[in-house]
Amino acid sequence: MANYHKMESSSVQTLKDLANKLRINSIIATNASKSGHPTSCASMAEIMSVLFFHTMRYKVSSPKDPVNDRFILSKGHACPILYAAWAEAGLFPVSDLANLRKIDSDLEGHPTPRLNFIDVGTGSLGQGLSVACGMAYVGKYFDKSSYRTFCLLGDGESAEGSVWEALNFASFYNLDNLVVIFDINRLGQSGPTSLQHDMEVYRQRITSFGLNAIVVDGHDIEELTKAFHEASITKGKPTAILAKTYKGKGFVNIEDAEKWHGTPLNDNAVKVLEEINGQIRNKKMPVNIPKPVAVVPTLNITNVRLSTPPNYTLGEKIATRVAYGTALAKIAENNDRVIALDGDTKNSTYSDKIKVKFPERHIECFIAEQNMVGIAIGTACRDRTIAFVSTFATFFTRSFDQIRMGAISQTNVNFVGSHCGISIGEDGPSQMGLEDIAMFRSIPGATIFYPADAVSCERSIEIAANTKGICFIRTSRPATAVIYKNDEIFEIGKAKVLKSSPSDKVLIIGAGVTLYEAITAAEELGKSGISVRILDPFTIKPLDAATIIKNARECGGRIITVEDHYPEGGIGEAVLSAVAEERDICVKKLAVSDIPRSGPSNVLLDLFGISSKNIVAAVKKFVN
């Protein structure tokens, strides 16, 4: 093989010794915590030894330096050996490993970014490779740098469809800076995996996806170093190293045995440790960590602004999904790290507007939403991009686990869901986002924008680009009238009162299309001598509770919420939570209370109880 030099026997022995030391420390850590996965660690000990002390280039003193190679442990339950590798590298004392899983320790049972050497939380299996693909994409196409990304998966998690979505993505975009390592140890949690050790089937499947597949003995140091070298010189395609390993490798009477998943060795540890210690030739082996050679550009992704302010005429009708595309292109003009990811809906979400201006900054993820979300999380790691992910709002529900893990990973990713609610009309219920607000409300730290018009939508995108954590912007399909002046100021958690008078009887809270139904209802009610107040919450999370409570009291304590969403977890329940401890405030919810059907938008709004006619009826009943 070109430029490959056979390792000195002393170097091979050092890596063998380090692998066994990692095994030992994984046993000690899991025994101390009386829980964990030492057998899952043991199968990958040689892989970790070669990666961390021969192949990867990184600064121990600065684990998240952008010049470092990246490593994602997708099989997060094997984190004790990852912690052991960093301790052996010198990042923290090996003695700290005894604090595994303790309440006052950040060495948690699965990795989270509480630790300065962890980019993303893993452990919900099948997600790490998507994140790694996002990192590799940034390295190849945005940073244009030589750092590389390594992702280690278990064979059990390869049953997850998102793994194959990610492999397809990696191959399609020629991510030759990505190395995927499959730890094929034959055993899952409750029994053998489907393919067990059928390495040829693994090889054929991976090859069919367009990767360079290398089958190795995962416990052979020389085979591993040679495979990683081959990966480094393979151009135009990613490499997958298929490592045949044994769960509990080196553990007497436990190796390759069932019923040892997630179980510390307890009393068996004494004999196992004695056996492994006896195999170590050099107790004080030298640790060699290759220095980074990559160069990456210095970035500033703060203070992102629209290149020009909104430019609309009051009363002009334009869909907020269109305004999203406009705003996305505008902020991209001011920062070259604003990127868009879409799942083959770009001509409906209007994310294609950034593609027209900056084609290199639009990532087509095709119809694979779980992978798309993971890719976005990966692109945002180490503050390398400002990522906006768009598709129909309802399709984010299939990637809820990835979004949930994104929150655990402290990610900064913006999700834009179009085609929300029954107002999309004839496409029918499978396309209608009616659960999305509830879903994103359940995400800790998330910010939810629900802009009513083009002006507020452009400002939502600008604000989201500068907001930490997960943001969700809900956009609508129907064209709605511009109701805000172009210089209107918007803030997270600050509602807008659109209509008020001293004689208002009810506070109506609407958002998106239902805000316009509320305005129409107010005009109709005025003919009957009933005055109502209209409030646009702008953000559903955080909700402007103070403004809602103040205005509700001025309206006799009567609130009607109206939303193009199911009642569970939506705007009405957010308002109910906000006023729950207030006396003499009553809330009536109008929402889509049944599974809808195809039909014209206005007919559906009427049929499912959220049109202006329904609001008028609810107000009159409430007042009387």
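About the criteria used
- Numbers given for residues are sequential positions, taken from 1 along each chain in its written order.
- Given that the model is predicted, a residue must reach a pLDDT of at least 70 before its local features are reported, and side-chain atom pairs must reach 80 or more before they are shown or counted; all residues, however, enter totals for whole chains, interfaces and linings.
- Side-chain numbers come from the whole structure's heavy atoms, not from hydrogens or water.
- Numbering goes from the N terminus for both helices and strands, where a helix is a DSSP run of H or I of at least four residues and a strand is a run of E of at least two.
- Only C-alpha atoms enter the radius of gyration, while the globule expectation follows 2.2 Å times N to the 0.38, with N the number of residues.
- Only heavy atoms enter the contact rule, under which two residues are in contact if any of them lie within 4.5 Å.
- Exposure was quantified through the Shrake-Rupley algorithm and a 1.4 Å probe, taking into account, for residues, occlusion by the shown protein chains and nothing else.
- When charges are counted, Lys and Arg contribute as positive and Asp and Glu as negative, whereas His and the chain ends are disregarded.
- Charge positions are represented by NZ for Lys, CZ for Arg, CG for Asp and CD for Glu.
- A cavity here means a set of 1 Å grid points, computed over protein atoms only, where a 1.4 Å probe fits but cannot escape. A pocket is an open set with protein on both sides within 12 Å along at least 5 of 7 lines, and lining residues have an atom within 4 Å of a point.
- Grid points are joined across faces, edges and corners, and a volume is the space filled by probe spheres set on the points.
- Residue classes follow a fixed rule: Ala, Val, Leu, Ile, Met, Phe, Trp, Tyr, Cys and Pro count as nonpolar, while Asp, Glu, Lys and Arg count as charged, and any other residue, Gly among them, counts as polar.
- Whenever a carboxyl oxygen of Asp or Glu lies within 4 Å of a side-chain nitrogen of Lys or Arg, that contact is scored as a salt bridge.
- When accessible area is computed with a 1.4 Å probe and restricted to protein chains, residues below 20% of their type maximum are described as buried, those above 50% as exposed, and intermediate ones as partly exposed.
- Helix axes are fitted only over the stretch in contact, all axes being lines through C-alpha atoms; the angle between N-to-C directions runs from 0 to 180 degrees.
- Any angle that falls under 35 degrees is termed roughly parallel, while one over 145 is termed roughly antiparallel, one within 65 to 115 roughly perpendicular, and all others oblique.
- When the near helix sits turned anticlockwise from the far one by under a right angle, the crossing is termed left-handed; a clockwise turn instead gives a right-handed crossing.
- Any two strands are treated as partners once DSSP identifies two or more bridges connecting them.
- By convention, orient the strands away from the viewer: a clockwise path from the first strand over the helix to the second makes the crossover right-handed.
- Two N or O atoms count as a polar contact when they lie within 3.5 Å, although within protein this holds only if one can serve as hydrogen donor and the other as acceptor, and sequence-adjacent residues are included solely when both atoms are side-chain atoms.
- Aromatic rings from Phe, Tyr and Trp, taking only the six-membered ring of Trp, are treated as a pair when their centres fall within 6.5 Å; an angle between ring planes under 30 degrees marks them as stacked, one over 60 as edge-to-face, and anything in between as tilted.
- Take the number of residues in a helix, subtract one, and multiply by 1.5 Å to get its expected span.
- UniProt positions are given in the numbering used here, feature names are shortened, and annotations may be inferred rather than shown by experiment.

(A) Looking closely at the overall build of the chain. The helix and strand inventory of the chain stands at 21 helices and 19 strands. For the chain, whose C-alpha radius of gyration is 28 Å, the value lies close to the compact-globule estimate of 25 Å for 624 residues. Along the first, second and third principal axes, the C-alpha atoms of the chain reach 95 × 50 × 40 Å. The long-range fraction of contacts in the chain, counting pairs at least 24 apart against all pairs at least 6 apart in sequence, stands at 79%. Carbon and sulfur atoms provide 48% of the accessible area of the chain, an area that totals close to 23500 Å². Taking the 68 positively charged and 68 negatively charged side chains of the chain as two groups, their mean positions are separated by 2 Å.

(B) Highlighting the layout of surface pockets. For the largest pocket, the calculated volume is near 430 Å³. What lines the largest pocket is a set of 18 residues, among which His54, Thr55, Arg57, Arg148 and Ser232 lie closest to the centre. Where the lining of the largest pocket is concerned, the elements lending two or more residues are helix 3 (45–55) and helix 8 (221–233). At four residues, the largest contribution of residues to the lining of the largest pocket is made by helix 8. The residue makeup of the lining of the largest pocket, split by class, is seven nonpolar, eight polar and three charged.

(C) Examining the pattern of salt bridges more closely. Counting across every chain of the model gives 30 salt bridges. As a salt-bridge pair, Glu108 and Arg114 come within 3.1 Å of each other at their nearest N and O atoms. You can call Glu108 partly exposed: its relative accessible area is 25%. A relative accessible area of 54% places Arg114 in the exposed class. A single salt-bridge network, built from bridges that share partners, covers Asp504, Arg533, Lys550 and Glu554.

(D) Seen up close, the packing of helix 17 (residues 513–527) against helix 21 (residues 612–623). In contact at an axis separation of 8 Å, helix 17 and helix 21 are set at 55° when each is read in the N-to-C sense. Considering the angle they form, helix 17 stands oblique to helix 21. Crossing hand, helix 17 versus helix 21: right-handed. In contact with Glu517, Ala518, Thr520, Ala521, Glu524 and Leu525 of helix 17, helix 21 contributes Ser612, Ile615, Val616, Val619 and Lys620. The residue makeup of the contact of helix 17 with helix 21, split by class, is six nonpolar, two polar and three charged.

(E) Structural detail: empty space enclosed by the protein. Enumeration according to the criterion identifies three cavities of 30 Å³ or more in this entry. Computed from the structure, the largest cavity encloses a volume of approximately 170 Å³. Along the walls of the largest cavity sit 19 residues, with Phe71, Ile72, Trp86, Phe117 and Asp119 positioned nearest its centre. Among the elements of the structure, strand 1 (70–73) and helix 4 (79–89) are those that each provide at least two residues to the lining of the largest cavity. Ranked by the residues each element gives to the lining of the largest cavity, the list is headed by strand 1, at four residues. Here the lining of the largest cavity is composed, by residue class, of 13 nonpolar, two polar and four charged. One number sums up the size of the second largest cavity: a volume of about 80 Å³.

(F) Geometry of the pairing of strand 19 (residues 586–590). Examined bridge by bridge, strand 18 (residues 558–562) and strand 19 share five bridges and lie parallel to one another. What sits directly across from Thr561, in strand 19, is Lys589. Of the crossover connections in this fold, the one passing from strand 18 over helix 19 (residues 571–579) to the parallel strand 19 is right-handed.

(G) Molecular detail of the pairing of strand 5 (residues 239–244). When you tally the buried positions in strand 5, you get five out of six residues, the bulk of the element. Of the strand pairs in this sheet, strand 4 (residues 212–217) and strand 5 are connected by six bridges, and their pairing is parallel. Each bridged residue has a counterpart across the sheet, and for Asp217 the counterpart in strand 5 is Lys244.

(H) Region of the structure containing the environment of Lys330. Within the secondary structure layout, Lys330 lies in helix 10 (residues 320–334). Residue classification places Lys330 among the buried residues on the basis of a relative accessible area of 9%. Lys330 sits 21 residues away from Pro309 along the chain, and the two C-alpha atoms are 9.0 Å apart. Separated by 3.1 Å, the side chain of Lys330 and the backbone oxygen of Pro309 make a polar contact.

(I) Representation of the packing of aromatic side chains within the structure. Overall, the coordinates contain 25 aromatic pairs when judged by the stated rule. Taking 5.6 Å as the distance between ring centres and 70° as the angle between the ring planes, the aromatic pair formed by Tyr137 and Phe142 counts as edge-to-face. Among the residues examined, Tyr137 registers a relative accessible area of 6% and is labelled buried. Look at Phe396 and Phe415: their rings are 5.4 Å apart centre to centre, the planes differ by 80°, and that puts the pair in the edge-to-face class. Note that Phe396 is positioned in the loop between strand 9 (386–392) and helix 14 (400–408) and Phe415 in strand 10 (residues 413–418), a separation of 19 residues in sequence. The exposure class of Phe415 is buried, given its relative accessible area of 1%.

(J) Spatial organisation of helix 8. Counted at 1.5 Å a residue, the expected span for helix 8 with its 13 residues is 18 Å, and the 19 Å between its end C-alpha atoms agrees. Turning to helix 8, its buried residues number three or more, namely Ile221, Leu224, Thr225, Ala227, Phe228, His229 and Ala231. Measuring from the side-chain oxygen of the N-cap residue of helix 8 to the backbone nitrogen of Glu222 gives 3.0 Å; that N-cap residue is Asp220.

(K) Up close: the UniProt feature "domain: Transketolase-like pyrimidine-binding" (unreviewed entry) in the chain. Under the UniProt annotation, "domain: Transketolase-like pyrimidine-binding" (unreviewed entry) lies at residues 318–482. Helix makes up 39% of residues 318–482 and strand 19%, whereas the separation of the span's terminal C-alpha atoms amounts to 7 Å.

(L) Here's a closer look at the sheet that holds strand 18. A sheet is described by the order of its strands in space; here five strands give the open sequence 14-16-15-18-19, paired in mixed fashion. The open sheet has two free edges, formed respectively by strand 14 (496–499) and strand 19, since each of these has just one partner strand. The mean angle between the axes of side-by-side strands here comes to 25°, regardless of whether they run parallel or antiparallel. Where strand 15 (residues 506–510) meets strand 16 (residues 532–536), four bridges bridge the pair, whose relative direction is parallel. What sits directly across from Ile508, in strand 16, is Ile534. Contacts between helix 17 and the sheet are confined to strand 14, strand 15, strand 16 and strand 18, with strand 16 contributing the most and set at about 170° to the helix. Across the sheet, helix 19 lies against strand 15, strand 18 and strand 19, angled at about 170° from strand 19, the strand it touches most.

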